[in-house]
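Coordinate inspection notes
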Amino acid sequence: MAPDHTAVAHPNIALVKYWGKRDEKLVIPNVDSLSMTLDVFPTVTTVRVTPGEPTDTVTFDGATAEGEQRLRITEFLDLVRKTAGRPERATVDTRNAVPTGAGLASSASGFAALAVAAAAAYGLDLDPTALSRLARRGSASAARSIFGDFAILYARRGDAADADLNSYAEPVPVPDFDPALVIAVVNAGPKAVSSRTAMRRTVETSPLYWPWARAGTTDLADMRAALNRGDLDAVGEIAERNAFGMHATMLAARPAVRYLSPATVAVLDGVLRLRADGVPAYATMDAGPNVKVLCHPADAARVAATMGEAAPGCTVVIARRGPGAALRSGDG
Ligand code: PMV
């Protein structure tokens, strides 16, 4: 029997967001994005090639995957097989510590772990840049989870004719900045509109999309400078304006995409109260109602308590910078 290859990856939260693709098939973003990989909510994925089996077997949190969930994984395996020149099917077992599809970046950790485990199982010797390109094909944000700490995903970098080669992630070294990111899970259920559908609709119909995307160039340059200075207030302000702008593009889509719920707004009010009380705290939200708040580690417990009071019943988790995707020792 072929050996198991197990990889672990963590989600990342973008401080300058990606929203909208210029190539849906190759999964190439319209804009560059910059994120922090977390030390919570890992995905653990095991891949084993199964010579002679007619189909892939995919288990997701212990249950057989079906429909769209299964298709995204088998199509990803097809890409790995094509790259490796090997036809064998595989078994995939993936376990998420985070609710799947709730805007908590489970697709980022999921496809980063799958890319690393499947590349190893099929004998592909890929460097981290190539792994980030591969992970991107599953979910663009997954490219960034190949790396720990801070990472940038380029929409287009370099002048290779091949768009796939030009879109990859790389680490952004930030030695002196180690903030906390406090996550309020106000609703762990799957989102009503997938990010894929929401993005397409936003790009096609929102008059605010391109102004936001263009403003992202400034946000990214300002963010890099703020990270280099270790300036939490500036990092937070830029992350907040970029995230609110992204949600504004969705609200202006036709029909509107609205991920923010009353509990989201209650937590955002809590963030304003913290700032009024002199606690630096800044919010960001992805394709879901959950709120992530950037703050100094020394303030994280107070921030978490305020968020918990603002949305009774929500789960609050304090995250820090986390590691890049890796094979479990002994594998490889
Ligand atoms: O990569 P996807 O399809 O999961 O899109 C996620 C996009 C956001 O989380 C909203 C922003 C980002 O850059 O992660």
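Here the structure is a predicted model, which means the values were calculated and not measured.

1. Quick look at the overall build of the protein
On a plain count of helices and strands, the protein comes out with 10 helices and 16 strands. In terms of C-alpha radius of gyration, the protein reaches 19 Å, essentially the compact-globule figure of 20 Å for 332 residues. For the protein, the spread of C-alpha atoms along the principal axes amounts to about 65 × 40 × 40 Å. Within the protein, contacts between residues separated by at least 24 positions form 75% of all contacts whose residues are at least 6 apart in sequence. Accessible area of the protein: about 13,500 Å², with a carbon and sulfur share of 53%. Put simply, the protein has 35 plus and 36 minus side-chain charges, and the middle of one group is 5 Å from the middle of the other.

2. Here's the deal with the site of the ligand
Near the ligand, the surroundings consist of 14 residues, among which Y18, S107, S139, S141 and R144 are the closest. S107 is positioned such that a nitrogen or oxygen atom in its side chain is 3.0 Å from an oxygen atom of the ligand. The fraction of the free accessible surface of the ligand (390 Å²) that becomes covered by protein chains is 91%. Broken down by class, the residue content of the shell around the ligand amounts to 7 nonpolar, 4 polar and 3 charged. When residues are assigned to domains, the shell around the ligand turns out to be shared by domain 1 (5-173) and domain 2 (180-319), each giving three or more.

3. Comments concerning the pattern of salt bridges
Under the definition given, this model contains 18 salt bridges. One salt bridge in this structure joins D78 and R89, with 3.9 Å as the shortest N-O distance. Here D78, found in helix α1 (residues 67-84), pairs with R89, found in strand β9 (residues 89-96); they are 11 residues apart in sequence, far enough to count as distant. Ionic pairing is found between D178 and R320, a salt bridge with its closest N-O pair at 3.1 Å. Here D178 is found in the loop between β11 (169-171) and β12 (180-185), whereas its partner R320 is found in the loop between β15 (315-319) and β16 (326-327), with 142 residues between them in sequence. Note on D178: relative accessible area 40%, which makes it partly exposed. In this structure, a network of salt bridges that share partners links the residues D56, D78, R81 and R89.

4. Here's the deal with the packing of aromatic side chains
Taken as a whole, this structure holds 5 aromatic pairs when the rule is applied. Ring geometry for F76 versus F111: centroids 5.5 Å apart, planes at 55 degrees, classification tilted. One end of the pair, F76, is in helix α1; the other, F111, is in helix α2 (residues 106-121), and 35 residues separate them in sequence. Comparing F76 with F111 shows no difference in burial state: the two are buried. Considering the side-chain rings of Y209 and W210, the 4.9 Å spacing of their centres and the 80 degrees angle between planes classify their relative orientation as edge-to-face. According to the relative accessible area criterion, Y209 is buried, its value standing at 0%. One aromatic cluster in this structure is built from Y209, W210 and W212.

5. What to know about α2
If you check α2, its first and last C-alpha atoms are 22 Å apart, about what 16 residues at 1.5 Å a residue would give, namely 22 Å. When you tally the buried positions in α2, you get 15 out of 16 residues, the bulk of the element. Following α2 by one or two positions, G123 has its phi on the positive side, about 70 degrees.

6. A look at the environment of R214
With respect to the helices, strands and loops of the structure, R214 is situated in helix α7 (residues 209-229). Along the primary structure R214 and N30 are separated by 184 residues, whereas in three dimensions their C-alpha atoms are 9.9 Å apart.

7. Points about the side chain of R81
Structurally, the position occupied by R81 is in helix α1. Note on R81: relative accessible area 4%, which makes it buried. Here D56 takes part through its side chain, which lies 2.8 Å from a polar atom of the side chain of R81.

8. Details of the domain arrangement of the protein
Taken domain by domain, the protein consists of domain 1 (5-173) and domain 2 (180-319). Taking the mean C-alpha position of each, domain 1 and domain 2 sit 23 Å from one another. Opposite the 33 residues of domain 1 that make contact, domain 2 presents 46 residues. Buried area between domain 1 and domain 2, summed over both chains or domains, comes out near 3,000 Å², and the portion from carbon and sulfur atoms is 68%. Area buried by domain 1 at its contact with domain 2 is led by L15, K17 and W19, which between them contribute 28% of it. Two residues, D286 and K17, come together in a salt bridge whose shortest N-O distance is 2.7 Å. Summed over the shared surface of domain 1 and domain 2, the number is 8 residue pairs in polar contact (both at pLDDT 80 or more). Where the side of domain 1 that touches domain 2 is concerned, the elements lending two or more residues are β2 (12-16), β5 (33-37), α1 and β10 (150-153). For the side of domain 1 that touches domain 2, the leading source of residues is β2, giving 4 residues. When its residues are assigned to classes, the side of domain 1 that touches domain 2 shows 20 nonpolar, 6 polar and 7 charged.

Calculation notes
Residues numbered from 1 in each chain as written. Predicted model: local features only at pLDDT ≥ 70, side-chain atom pairs only at ≥ 80, totals over all residues. Heavy atoms only, no water. Helix = DSSP H or I, 4+ residues; strand = E, 2+ residues; numbered from the N terminus. Rg over C-alpha atoms; globule rule 2.2 N^0.38 Å. Contact = heavy atoms within 4.5 Å. Areas by Shrake-Rupley, 256 points an atom, 1.4 Å probe, with all protein chains shown as cover. Lys, Arg positive; Asp, Glu negative; His and termini not counted. Charge placed at Lys NZ, Arg CZ, Asp CG, Glu CD. Near = heavy atom within 4 Å. Polar contact = N/O pair within 3.5 Å; in protein donor to acceptor, adjacent residues only side chain to side chain. Nonpolar A, V, L, I, M, F, W, Y, C, P; charged D, E, K, R; others polar. Domains from an automatic or database assignment. Salt bridge = Lys/Arg side-chain N within 4 Å of Asp/Glu carboxyl O. Buried < 20%, exposed > 50% of the residue type's maximum accessible area, 1.4 Å probe, protein only. Phe/Tyr/Trp six-rings, centres within 6.5 Å; stacked < 30°, edge-to-face > 60°. Expected span 1.5 Å × (residues − 1). Buried area = accessible area lost by both parts, 1.4 Å probe.

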